[in-house]
Amino acid sequence: MAVFAPSPQLTVTIEQADGTPDLHLHPGGQGIWQARMISALGTHVVLCCTFGGEVGDVLRHLVGGQDIEVLERPVAARNGAYVHDRRDGSRSEVAEMPPDALTRHELDDLYELTVVTALQAGIAVLSGASGEQNELVVPTSVYERLSKDLTSNSCQVVVDLAGPRLAAALKGGPAVVKVSHEELIDDERAKSDSVPHLLDAAREIADCGARLVVISRAARPALVLLDGESFTVDAPSLEPVDSRGGGDSMTAAIAAGLAQDMDTMDALRLGAAAGAINVTRHGLGTGSNDAIRALAAQVSIDRLDKDKKK
């Protein structure tokens, strides 16, 4: 499977261990977290990305130890980074360095690399760059082009985006779209977080060509529109350690399930279980294959329109 991750991010987290600061350095960003989960679930994943600057040098080394195949375009643009402090149990930002925009030639090479890899794989996940300036790193038009080029050549496209990037990707008719209810409201696609309003937004997304639309709702059951039918997907409730990354893990596990030729409902169960497991851990996009598959057996899927379990 191919994962488009235009500009991975270096994450530095300060924890507390035996009364002293304990620093953790990891590769991060949506695409990294998704690729990590896909790999953990036993699917070969190829990360299509860029590394640049001092941060890029560190990331290149760190990603190399993640059991992820990396296809990179070395660039002059610097990758982003952040430092977060979790010593008191909550996450507070110490500093964040946004990524630089890719040049035209850098972007052309990354696009070429991604298209060839995704077409060979047959399934691709499109993720965004990290940071508040992520739309400056890669123009939104890239997501429209990727979605169109891959979909029209029989590659199954999985999208986990919001805002202008989601709008652009939808023009290509991706097969799977995962979005949070907050993002739908922020994008003014949904009038509220009520089930009817969220499903209306899902139907508009499905009209763009998506067979499967998944709406995550934090601790509440996810909403799903599959071939025009609506469902809820409910995973066992687990005490969260860090709620970030649950949605990315859900997307990655759904994509991994589809890549493994699982039934769509079973892939949804796997996704819900991966999201639930991820929030119980300190690392984003983490969780063991065995634990996720065991929890997937406890995930319930209920049809909304007929109130019938599937």
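Only a predicted model underlies this, so the values are computations on that prediction, with no experimental measurement involved.

J.: Any chance you could explain the pattern of salt bridges here in plain terms?
T.: Opposite charge on two side chains makes pairing possible when the charged atoms of those side chains draw close. Here the structure, examined in full by the defined rule, presents 14 salt bridges. Note that Glu15 is salt-bridged to Arg86, the shortest N-O span being 3.2 Å. With a gap of 71 residues between them, Glu15 in strand β2 (residues 9-17) and Arg86 in the loop between β6 (80-85) and β7 (92-97) connect regions that are remote in the sequence. Side by side, Glu15 and Arg86 carry an identical accessibility label, which is buried.

J.: Just checking my understanding: could you explain the pairing of strand β4 (residues 46-51) for this structure?
T.: Along any regular strand the residues' side chains alternate between the sheet's two faces. Judged by how many residues are buried, β4 sits mostly within the fold: six of six residues are covered. Of the two faces of β4, the one lined by Val46, Cys48 and Thr50 and the one lined by Leu47, Cys49 and Phe51 are each fully buried. Here strand β1 (residues 2-5) pairs with β4 via four bridges, running parallel. In the sheet register, Val3 faces β4, and the bridge partner there is Leu47. Taken together, the six bridges between β4 and strand β5 (residues 69-74) define a ladder with parallel strand orientation. Note that in β5 the partner of Val46 across the bridge is Glu69.

J.: Explain the pairing of β7 here, please?
T.: Pairing of β6 with β7, which is carried by five bridges, proceeds in the antiparallel orientation. Residue Tyr82 lies in a different strand from β7, and its bridge partner there is Glu96. Between β6 and β7, which pair antiparallel and follow one another directly, the connecting turn spans six residues, one of which, Gly89, has a positive phi of 100°.

J.: Is there a simple way to explain the packing of aromatic side chains in this structure?
T.: Each aromatic ring pair is characterised by the separation of its centres together with the angle its planes make. Under the criterion given, the structure shown has one aromatic pair. Seen in terms of ring centroids, Phe4 and Tyr143 are 5.7 Å apart; in terms of plane orientation they differ by 75°. Their pairing is edge-to-face. Of this pair, Phe4 sits in strand β1 while Tyr143 sits in helix α5 (residues 140-151), placing them 139 residues apart in sequence. The exposure class assigned to Tyr143 is buried, which follows from its relative accessible area of 1%. Across from the ring centre of Tyr111, 3.9 Å away, lies the NZ or CZ of Arg145, which sits over that ring.

J.: I would appreciate a short explanation of the sheet that holds β7 in the present structure.
T.: Whenever strands of a sheet pair, they do so through backbone hydrogen bonds, lying parallel or antiparallel. Strand order in the open sheet formed by four strands is β3-β2-β6-β7, and the pairing between neighbours is mixed. Every interior strand has two partners, whereas the edge strands, β3 (20-28) and β7, have only one. Taking the axes of each pair of neighbouring strands and ignoring which way they run, one obtains an average angle of 20° across the sheet.

J.: What is the right way to look at the packing of helix α9 (residues 246-259) against helix α10 (residues 264-278) in this model?
T.: Running from N to C, α9 and α10 cross one another at 150°; their axes reach a closest spacing of 7 Å. Between α9 and α10, the crossing angle belongs to the class labelled roughly antiparallel. In this structure, the crossing between α9 and α10 has a hand that is right-handed. For the pair formed by α9 and α10, the contact residues are Gly246, Ser249, Met250, Ala253, Ile254, Gly257 and Leu258 on the first element and Thr264, Ala267, Leu268, Leu270, Gly271, Ala272, Ala274, Gly275 and Asn278 on the second. Here the residues of the contact of α9 with α10 sort into nine nonpolar, seven polar and no charged.

J.: Can you help me understand the side chain of Asn79 in this one?
T.: Structurally, Asn79 is set in the loop between β5 and β6. Among the residues examined, Asn79 registers a relative accessible area of 0% and is labelled buried. Within polar-contact distance, the side chain of Asn79 engages the backbone oxygen of Thr50 at 3.0 Å. Excluding residues that lie within four positions of it along the chain, Asn79 makes contacts with Ser7, Pro8, Thr50, Phe51, Gly52, Val55, Gly56, Leu59, Met97 and Pro99.

J.: Before we go on, may I ask you to explain α9 in this structure?
T.: An α-helical turn contains 3.6 residues, so any two residues separated by three or four positions project in the same direction. With 14 residues, α9 should reach 20 Å at 1.5 Å per residue; the first-to-last C-alpha distance of 20 Å fits that figure. Counted residue by residue, α9 has twelve buried out of 14 residues, so it is predominantly covered. Here α9 has its buried residues at Gly246, Asp248, Ser249, Met250, Thr251, Ala252, Ala253, Ile254, Ala255, Ala256, Gly257 and Leu258. Trailing α9 by a residue or two, Asp261 shows a phi angle of about 60°, which is positive.

J.: Mind showing me how you'd approach a nonpolar patch on the surface here?
T.: A contiguous nonpolar patch, built from Leu23, Leu25 and Val58 and spanning about 240 Å² of accessible area, is present on the exposed surface. Mapping Leu23 onto the fold places it in strand β3.

Criteria and cut-off values
Residues numbered from 1 in each chain as written. Predicted model: local features only at pLDDT ≥ 70, side-chain atom pairs only at ≥ 80, totals over all residues. Heavy atoms only, no water. Salt bridge = Lys/Arg side-chain N within 4 Å of Asp/Glu carboxyl O. Helix = DSSP H or I, 4+ residues; strand = E, 2+ residues; numbered from the N terminus. Buried < 20%, exposed > 50% of the residue type's maximum accessible area, 1.4 Å probe, protein only. Pairing = 2+ DSSP bridges. Phe/Tyr/Trp six-rings, centres within 6.5 Å; stacked < 30°, edge-to-face > 60°. Lys NZ or Arg CZ within 6 Å of the ring centre and 35° of its normal. Axes fitted to C-alpha atoms, helices over the stretch in contact; angles between N-to-C directions. Parallel < 35°, antiparallel > 145°, perpendicular 65-115°, else oblique. Left-handed = near helix turned anticlockwise from the far one by under 90°. Contact = heavy atoms within 4.5 Å. Nonpolar A, V, L, I, M, F, W, Y, C, P; charged D, E, K, R; others polar. Polar contact = N/O pair within 3.5 Å; in protein donor to acceptor, adjacent residues only side chain to side chain. Expected span 1.5 Å × (residues − 1). Patch = residues over 30% accessible without salt bridge, like charges linked within 9 Å, V, L, I, M, F, W, Y side chains within 5 Å. Areas by Shrake-Rupley, 256 points an atom, 1.4 Å probe, with all protein chains shown as cover.

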